[in-house]
Amino acid sequence: MKIIVTSIFVQDQDKALEFYTEKLGFIKKTDVPAGKYRWITLVSPDDQDGTELLLEPNDHPAAKEFQKKIFADGIPATMFGVADVRKEYARLTEKGVKFTMEPTEMGPVTIAVLDDTCGNLIQIAQK
């Protein structure tokens, strides 16, 4: 068994699609109608057949509340691996991405946390 799709709640699918592709560099894999929303998945440019990230509308009241509370408490919704956190931090900062935590060493891991502008904090990590 393996993970093929994981999701993240977003306030606005179009805004999230733009941020995740144009700022973070993911590639759109799927974008099809799904009722009043769309099934939009993204993949890493380095692993286009790998795990897909679903931009899930936070339309359900429980999803909105969950997203709002973990954001307010400073808890990242998910984590993305990068080869060099400091280099990625510099690249993203140059693109206007706002960070809530600068690159920080935590034992053998270096992390940073960014705001995805769609209701989530995202942690990037270098092992």
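Please refer to the structure placed before this passage.
Since the model is a prediction, treat every value here as computed from it, not as a measurement.

Quick notes on the rules
Residues numbered from 1 in each chain as written. Predicted model: local features only at pLDDT ≥ 70, side-chain atom pairs only at ≥ 80, totals over all residues. Heavy atoms only, no water. Helix = DSSP H or I, 4+ residues; strand = E, 2+ residues; numbered from the N terminus. Rg over C-alpha atoms; globule rule 2.2 N^0.38 Å. Buried < 20%, exposed > 50% of the residue type's maximum accessible area, 1.4 Å probe, protein only. Contact = heavy atoms within 4.5 Å. Patch = residues over 30% accessible without salt bridge, like charges linked within 9 Å, V, L, I, M, F, W, Y side chains within 5 Å. Areas by Shrake-Rupley, 256 points an atom, 1.4 Å probe, with all protein chains shown as cover. Salt bridge = Lys/Arg side-chain N within 4 Å of Asp/Glu carboxyl O. Arc of directions from axis to C-beta. Polar contact = N/O pair within 3.5 Å; in protein donor to acceptor, adjacent residues only side chain to side chain.

## Digging into the overall build of the protein
At step 1: Helix and strand counts for the protein come out as three helices and eight strands.
At step 2: Seen in sequence order, the protein has helices and strands lined up from the N terminus as β-α-β-β-β-α-β-α-β-β-β.
At step 3: The C-alpha atoms of the protein give 14 Å as radius of gyration, which agrees with the globular expectation for 127 residues (14 Å, within 12%).
At step 4: The principal-axis extents of the C-alpha atoms in the protein amount to approximately 45 × 35 × 35 Å.
At step 5: Across the 127 residues that make up the protein, the buried fraction comes to 35%.

## Digging into the environment of F26
At step 1: Relative to the helices and strands, F26 is located in the loop between α1 (13-23) and β2 (27-34).
At step 2: Once residues within four sequence positions are removed from consideration, F26 is found in contact with Y20, T21, L42, V43, S44, P45 and F80.

## A few points about a nonpolar patch on the surface
At step 1: On the surface, a cluster of nonpolar side chains totalling about 340 Å² of accessible area is made up of I4, V5, V32 and W39.
At step 2: Among the secondary structure elements, I4 is positioned in the segment before β1 (5-10).

## A look at α1
Since the α-helix packs 3.6 residues into each turn, any two residues three or four apart lie on the same face.
At step 1: Listed as buried for α1 are Q13, A16, L17, F19 and Y20. The arc enclosing the buried residues of α1, seen along the axis, measures out at 170°, which places them on a common side.
At step 2: Regarding α1, its N-cap is D12, as a side-chain oxygen of that residue lies 2.9 Å from the backbone nitrogen of D14 further along.
At step 3: Backbone geometry just after α1 places G25 at a positive phi near 95°.

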